[in-house]
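Understanding the architecture of this molecule
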Amino acid sequence: MPTPIVIWPDKVLSTRTRPVTEFGPTLDPLLEEMMESLRAAEGIGIAANQIGVSLAIAWVGREDGTFFEIANPVLLETSEPVSLEEGCLSVPHEWEQTPRFSKVRVRYQDRTGAQHELAAEGRLAHVLQHEIDHLQGTTFVDHLSQLKRALIRKRMQKLQRERAEEKAGGHVHTDDCDHD
Ligand code: NI
């Protein structure tokens, strides 16, 4: 069973992750665990804190369907502000227009500790901004209006309750339940 993805609002998602200081094979089990959860959820990126590990490392999906890992990423430059429809594995079924940039330049380390600099645009730039946000303790809902955030918070709390009830094997009430 893949490790479950943490649902917003959860403290681990709003806490800045600590930097990766040990590189090499020591990171492999965590990266594998993250990838397993990412694949099960059919996502295009995942940050370590989304499976409850507060460490600055994430998987980022390229448009060709492959993934690469970023550790200790830094957003060096952003340009061309845009509004993009965005969702998150930690905020299921919610999609909102979110302010982003269409071009970014980032610096990060790979699992061996080697430094890289990358200029990206389009979807890749979008995923990079989303994952770097996660590692800094920011979820995309933090970019939305207070009203939208409050509504999403209510829906996530309902979802959490339903999941807890399901786990307990109880009856799950849904709004379209028409029997008594
Ligand atoms: Ni996310």
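In case you missed it, the structure is sitting above this.
The text that follows walks through the structure, step by step, so that each part is easy to find.

How each quantity is defined
- Residues numbered from 1 in each chain as written.
- Predicted model: local features only at pLDDT ≥ 70, side-chain atom pairs only at ≥ 80, totals over all residues.
- Helix = DSSP H or I, 4+ residues; strand = E, 2+ residues; numbered from the N terminus.
- Rg over C-alpha atoms; globule rule 2.2 N^0.38 Å.
- Buried ≥ 20, exposed ≤ 12 C-beta atoms within 10 Å, placed from the backbone.
- Pairing = 2+ DSSP bridges.
- Axes fitted to C-alpha atoms, helices over the stretch in contact; angles between N-to-C directions.
- Contact = placed C-beta atoms within 7 Å.
- Core = buried A, V, L, I, M, F, W, Y, C linked by C-beta atoms within 7 Å.
- Expected span 1.5 Å × (residues − 1).
- Arc of directions from axis to C-beta.

**Description of the overall build of the protein chain**
If you tally the helices and strands in the protein chain, you get 3 helices and 5 strands. The N-to-C order of helical and strand elements in the protein chain reads α-β-β-β-β-β-α-α. Taken over C-alpha atoms, the radius of gyration comes to 17 Å for the protein chain, in line with the 16 Å a tight globule of 180 residues would show. Seen along its three principal axes, the alpha-carbon backbone of the protein chain occupies a region of about 60 × 40 × 30 Å. Taking all 180 residues of the protein chain together, 29% fall into the buried category.

**A closer look at the sheet that holds strand β4 (residues 91-109)**
In space, the 5 strands of this open sheet follow the order β1-β2-β3-β4-β5, with antiparallel pairing throughout. On the outer flanks of this sheet lie β1 (45-47) and β5 (115-121), each paired with one strand and no other. Averaged over neighbouring strand pairs, the angle between their axes works out to 40 degrees when direction is ignored. Two strands pair when backbone bridges link them, and strand β2 (residues 57-61) and strand β3 (residues 67-88) are joined in this way by 5 bridges, in the antiparallel orientation. Following the sheet pairing, G61 is matched in β3 by F67. This element, helix α2 (residues 122-135), spans β1, β2, β3, β4 and β5 of the sheet and lies at about 95 degrees to β4.

**Remarks on the nonpolar core**
Grouped together as the largest cluster of nonpolar side chains are 34 residues, with contacts concentrated most on I46, I57, A58 and L128. Residue assignment for this core shows that the elements contributing at least two residues are α1 (28-41), β1, β2, β3, β4, α2 and α3 (146-168). At 5 residues, the largest contribution of residues to this core is made by α2. In this view, I57 contacts V20, L27, A48, E69 and A71; residues no more than four positions away in its chain are not counted.

**Section: the pairing of β2**
The element β2 is largely enclosed, with a buried count of 4 among its 5 residues. Bridging between β1 and β2 involves 3 bridges; their strand directions are antiparallel. Bridge pairing in β2 places G45 opposite V60.

**Section: α1**
The terminal C-alpha atoms of α1, which comprises 14 residues, lie 20 Å apart, in line with the 20 Å expected from a rise of 1.5 Å per residue. For α1, every residue scored as buried is listed here: M34, S37 and L38. For α1, the angular spread of buried residues about the axis comes to 100 degrees, placing them on one side. Pointing more than 90 degrees away from the buried face of α1 are the exposed residues D28, P29 and E32. Close packing links the buried residues of α1 with β1 and β2. Directly beyond the C-terminal end of α1, a positive phi value near 55 degrees is found at E42.

**So, the pairing of β4**
In this structure, β3 lies alongside β4, joined through 13 bridges in antiparallel fashion. The partner of A71 across the bridge, within β4, is Q109. Connecting the antiparallel pair β3 and β4 is a turn made up of 2 residues. Of the strand pairs in this sheet, β4 and β5 are connected by 7 bridges, and their pairing is antiparallel. Counted as the bridge partner of R107 is E117 from β5. Hairpin geometry of β4 and β5 is characterised by an intervening segment of 5 residues between the two adjacent antiparallel strands and by a positive phi of about 100 degrees at G113.

**Some thoughts on α2**
Counted at 1.5 Å a residue, the expected span for α2 with its 14 residues is 20 Å, and the 21 Å between its end C-alpha atoms agrees. Burial analysis of α2 places 11 of its 14 residues in the buried class, which makes it a mostly covered element. Next to the buried residues of α2 lie β1, β2, β3, β4 and β5. G137 occupies a position one or two residues after α2 and carries a positive phi of about 85 degrees.

That's the geometry; what it means functionally is another story.
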